[in-house]
Amino acid sequence: MLQVLITTASLVLAGVAAGASELLVGQRVWAWPYAGWRPLRIVEVTWVGAVLWLLILASVGYWYFYEVIPEVVRIYSPPPPKGHSYDDDEQSSVESDGGFTPPGKWVQALDTAARQAGYVSMIPISLLGVPLARSSAMWRMAGLSFEEAVSVHRNLGVLAMLLTSFHALGYGVVWLQWNSLFQNLFSAHAVAGLNPWCGEHCHGVSNLSGLIAWGAGVILWAASIECVRRAKYLFFIQTHQLHYVFFGFTCAHWSFGVWYM
């Protein structure tokens, strides 16, 4: 209930902010914003856009490597002495499999890297909506052009898909090494909140929801490639409505995703 209230309040406040910003912007004299950047040719970006991208990429890089590097160092450190007690994940594997064989170090490292890629993907995903949508009133209020908003939105989408694809495919490889791909995607625990009758098994992350969200994202991205977008623009617009599936099932996959949305 709290999440529903927060989501509703966020949408209302976003609507109020967008409406107010339209009144503040008024009519502007349009001017080509990239005059000072023409030598770059391919990279058409204003100073505001450049600073924004530096902040986004710095945030992604810092969050990701701050979490991944220490964990990978720990994995490749010398093994613990005899009498080492397993953590919760290891202990659950012992109990469910009747024995525990530690995976290869590269599998553990990939598991860590894939997990953190999912977390850090929330940065570009959360910016794809109200703040940096291609028609965002907030963007226009800052005096920035529609063309640059389209460019930023498109590249944010690419960054989001790169991170979520590594997250999904990385976990797929890890689960294949454990011979547990089907169990991790279609068991009662994996389905979790998508099954209203699963009872106490509904706790945790819904991997099937994540798979659906990622699949929707892949289709959405494929239909947004320039050759497809220019040849079949109506198809591109229609397919883009899958963003409701992408955002919705991302929240179902990881409940904390609601705060980022």
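Relevant structure appears above.
Residues numbered from 1 in each chain as written. Predicted model: local features only at pLDDT ≥ 70, side-chain atom pairs only at ≥ 80, totals over all residues. Heavy atoms only, no water.

## Some thoughts on helix α7 (residues 146–177)
Here α7 is 32 residues long and its end C-alpha atoms lie 47 Å apart, about the 46 Å a rise of 1.5 Å per residue gives. Directly after α7, the chain includes Asn 179, whose backbone phi takes a positive value near 55 degrees. (Helix = DSSP H or I, 4+ residues; strand = E, 2+ residues; numbered from the N terminus. Expected span 1.5 Å × (residues − 1).)

## Things to note about the side chain of Ser 224
Its location among the elements puts Ser 224 in helix α10 (residues 207–224). A relative accessible area of 16% places Ser 224 in the buried class. Beyond its immediate chain neighbours, meaning those up to four positions away, Ser 224 contacts Arg 229, Phe 236 and His 240. (Buried < 20%, exposed > 50% of the residue type's maximum accessible area, 1.4 Å probe, protein only. Contact = heavy atoms within 4.5 Å.)

## Focus: a nonpolar patch on the surface
Taken together, the side chains of Leu 2, Phe 256, Trp 259, Tyr 260 and Met 261 present a nonpolar region at the surface, about 540 Å² in accessible area. One can find Leu 2 in helix α1 (residues 2–25). Residue class for Leu 2 comes out exposed when judged on its relative accessible area of 56%. (Patch = residues over 30% accessible without salt bridge, like charges linked within 9 Å, V, L, I, M, F, W, Y side chains within 5 Å. Areas by Shrake-Rupley, 256 points an atom, 1.4 Å probe, with all protein chains shown as cover. Salt bridge = Lys/Arg side-chain N within 4 Å of Asp/Glu carboxyl O.)

## Concerning the packing of α10 against helix α13 (residues 243–253)
Packed helices, taken two at a time, are described by the angle between their axes plus the distance between the axes. It is the contact of α10 with α13, at a shortest axis distance of 8 Å, that shows an interaxial angle of 155 degrees. Regarding the angle of α10 to α13, the classification is roughly antiparallel. You can see that α10 and α13 cross each other, and the crossing is left-handed. The segment α10 lies against α13, with Asn 207, Ser 209, Gly 210, Ile 212, Ala 213, Ala 216, Gly 217 and Leu 220 engaging His 243, Val 245, Phe 246, Phe 249, Thr 250, Ala 252 and His 253. Of the residues assigned to the contact of α10 with α13, the class counts are 8 nonpolar, 7 polar and no charged. (Axes fitted to C-alpha atoms, helices over the stretch in contact; angles between N-to-C directions. Parallel < 35°, antiparallel > 145°, perpendicular 65-115°, else oblique. Left-handed = near helix turned anticlockwise from the far one by under 90°. Nonpolar A, V, L, I, M, F, W, Y, C, P; charged D, E, K, R; others polar.)

## Focus on the environment of Trp 63
Considering the arrangement of structural elements, one finds Trp 63 in helix α2 (residues 47–75). Between the C-alpha atoms of Trp 63 and Val 120, which are 57 residues apart in sequence, the distance is 6.7 Å. Setting aside anything within four residues of it in sequence, one finds Trp 63 in contact with Gln 116, Tyr 119, Val 120, Ile 123 and Tyr 260.

## Details of the pattern of salt bridges
A full pass over the atoms with the stated rule returns 3 salt bridges. The residue Arg 115 makes a salt bridge to Asp 111 at a minimum N-O spacing of 3.2 Å. One end of the pair is Arg 115 and the other is Asp 111, both in helix α4 (residues 105–120) and 4 residues apart, which spans about a single turn. Overall, the relative accessible area of 25% leaves Arg 115 in the partly exposed class. Since its relative accessible area comes to 22%, Asp 111 is described here as partly exposed. For the salt bridge of Arg 230 with Glu 226, the shortest nitrogen-to-oxygen distance reads 2.8 Å. Remark: Glu 226 and Arg 230 occur in helix α11 (residues 226–231); sequence separation between them is 4 residues, near one turn of the helix.

Note that all results are geometric; they support no functional claim without further evidence.
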